[in-house]
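Residues per chain are reported as follows:
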Amino acid sequence: MSKKQKILILSDLKSDTPIVLSQAIALSKLIPSDLEFLHVKKPTELVKTASQLSAVRVINESTKIAKKKIKELLDPISETYGTKVNYKYSFGNIKNEIEKYINSSKPDIIVLGKRRSNTLSFVGDNIIDFVLKSHKGAVFIASSNSKLTPEAQLSVGLFNQDESNLKSNDLMTNLIEYSATPIRHFKIGSRSDSDKKNDTFLSKKTVEYEFENSSEVLSTIANYIPKSNVNLLCLDRNSNSNKSKNIKEIIKSVKISTLIT
């Protein structure tokens, strides 16, 4: 990958923020990147008064508190891993502010966490779903259950991937190159496909797990993945096999971090 990537971390400053930060840094160690951190506060969380003067005072005070909290979160992790993270605090409609920042900053990869309940909700506004629709680049969804850390060896799993598509994806070819072997490929197929298994992916030794299509197949795959020692599952949103509904279900169900390219 010739040029440095730009990774944008979206955070609601909840308890899982250090985990999201740590995994973003882990990704930046594999793919040389500049890191940016954005937190957006909703007006309704702050302003509960009709007085304009009071509202301004509350907003200013909240901004100071938020920036202090962000700095307290970022500094220890940045120092530990020798990685600089630039940050910005914004006040306004969450989706509008995120979209504005994406348009101005033009990140290559967006990193965000998901609630422990595994719903597609982020600060209650379906932000994961919104980011997937708004950002055409890669989206990394950090799971608190994932063993992906800056110290850990990367172990990549693929979901319904097409090798020909991966060859033109610099991000994926780099991650696969750094991954421990073998690569794990989880695939929905049929009995007639049983003799078409790949034993390599981009020249990396690969173990392919094929699951027969059924109404429960995505749930079955999600339950199986953690047993395979994979710490990052990669999906290609442009693959003919990966419908939007399947991608959402995998994100919702799987217990490890996921990367949608």
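See the structure above.
From a predicted model like this one, the values you see are computed outputs, not experimental measurements.

Undergrad: Looking at this structure, how should I read the overall build of the protein chain?
TA: A tally of regular secondary structure across the protein chain gives eight helices and eleven strands. Within the protein chain, the proportion of its 261 residues that are buried is 52%. Long-range pairs, those at least 24 residues apart, make up 76% of the contacts in the protein chain with a sequence separation of at least 6. Counting only carbon and sulfur atoms, one obtains 47% of the accessible surface of the protein chain, whose full area is about 13,000 Å².

Undergrad: Looking at this structure, how should I read the environment of Asp16?
TA: Note on placement: Asp16 falls in the loop between β1 (5-11) and α1 (17-30). Residue classification places Asp16 among the buried positions, given a relative accessible area of 17%. Contact partners of Asp16, with chain neighbours within four places excluded, come to Gly113 and Lys114.

Undergrad: What exactly am I supposed to notice about the side chain of Ser28 here?
TA: Within the secondary structure layout, Ser28 lies in helix α1. The exposure class of Ser28 is buried, given its relative accessible area of 8%. A distance of 2.7 Å separates the side chain of Ser28 from the backbone oxygen of Ile25, its partner in a polar contact. Among all residues touching Ser28, those that are not within four sequence positions of it are Ile7, Ser33, Leu35 and Thr83.

Undergrad: What am I meant to see in the packing of aromatic side chains here?
TA: For any pair of aromatic rings, geometry is given as the distance between the ring centres together with the angle between the planes. Scanning all chains against the criterion turns up three aromatic pairs. Ring geometry for Phe186 versus Tyr209: centroids 5.2 Å apart, planes at 15°, classification stacked. On the criterion of sequence distance, the pair formed by Phe186 in strand β7 (residues 183-189) and Tyr209 in strand β9 (residues 204-212) is long-range, its members being 23 residues apart. Across this residue pair, the class does not change: Phe186 and Tyr209 are buried. Between Phe211 and Tyr224 the ring centres are 5.8 Å apart and the planes differ by 70°, which places this aromatic pair in the edge-to-face class. Here the residue Phe211 occupies a position in strand β9, and Tyr224 occupies one in helix α7 (residues 217-224), the gap between them amounting to 13 residues. The partly exposed category is assigned to Tyr224, whose relative accessible area is 32%.

Undergrad: Quick question: what am I supposed to make of the pairing of strand β6 (residues 156-159) here?
TA: Look at any regular strand and the pattern is simple: side chains alternate between the two faces of the sheet. Burial along β6 is two-sided: Val156 and Leu158 and Gly157 and Phe159, pointing in opposite directions, are all buried. Pairing analysis gives four bridges linking β6 to strand β10 (residues 232-235), with the strands arranged parallel. Counted as the bridge partner of Leu158 is Cys234 from β10. Pairing analysis gives three bridges linking β6 to β7, with the strands arranged parallel. Pairing of Leu158 across the sheet is with His185, part of β7.

What counts as what
For every chain, the first residue of the written sequence is number 1, and numbering continues from 1 onward in sequence order. Thresholds applied to this predicted model are a pLDDT of at least 70 for local features of residues and 80 or more for the giving and counting of side-chain atom pairs; totals over whole chains, interfaces and linings are not thresholded and use all residues. Side-chain numbers come from the whole structure's heavy atoms, not from hydrogens or water. Counting from the N terminus, the helices are the DSSP runs of H or I reaching at least four residues and the strands are the DSSP runs of E reaching at least two. Relative accessible area decides the class of each residue, using a 1.4 Å probe on protein chains only: under 20% of the type maximum gives buried, over 50% gives exposed, and in between gives partly exposed. Should any heavy atoms of two residues lie within 4.5 Å, those residues are counted as being in contact. Each accessible area is a Shrake-Rupley estimate made with a 1.4 Å probe; only the visible protein chains count as cover when residues are assessed. For this analysis, a polar contact is any N or O atom pair within 3.5 Å, provided that within protein one partner can donate a hydrogen and the other can accept it, and provided that sequence-adjacent residues contribute only side-chain to side-chain pairs. Any Phe, Tyr or Trp ring, taking Trp's six-membered ring, that has another such ring centre within 6.5 Å forms a pair; planes under 30 degrees apart are called stacked, those over 60 apart edge-to-face, and the others tilted. Two strands are said to pair when DSSP picks up at least two bridges between them.

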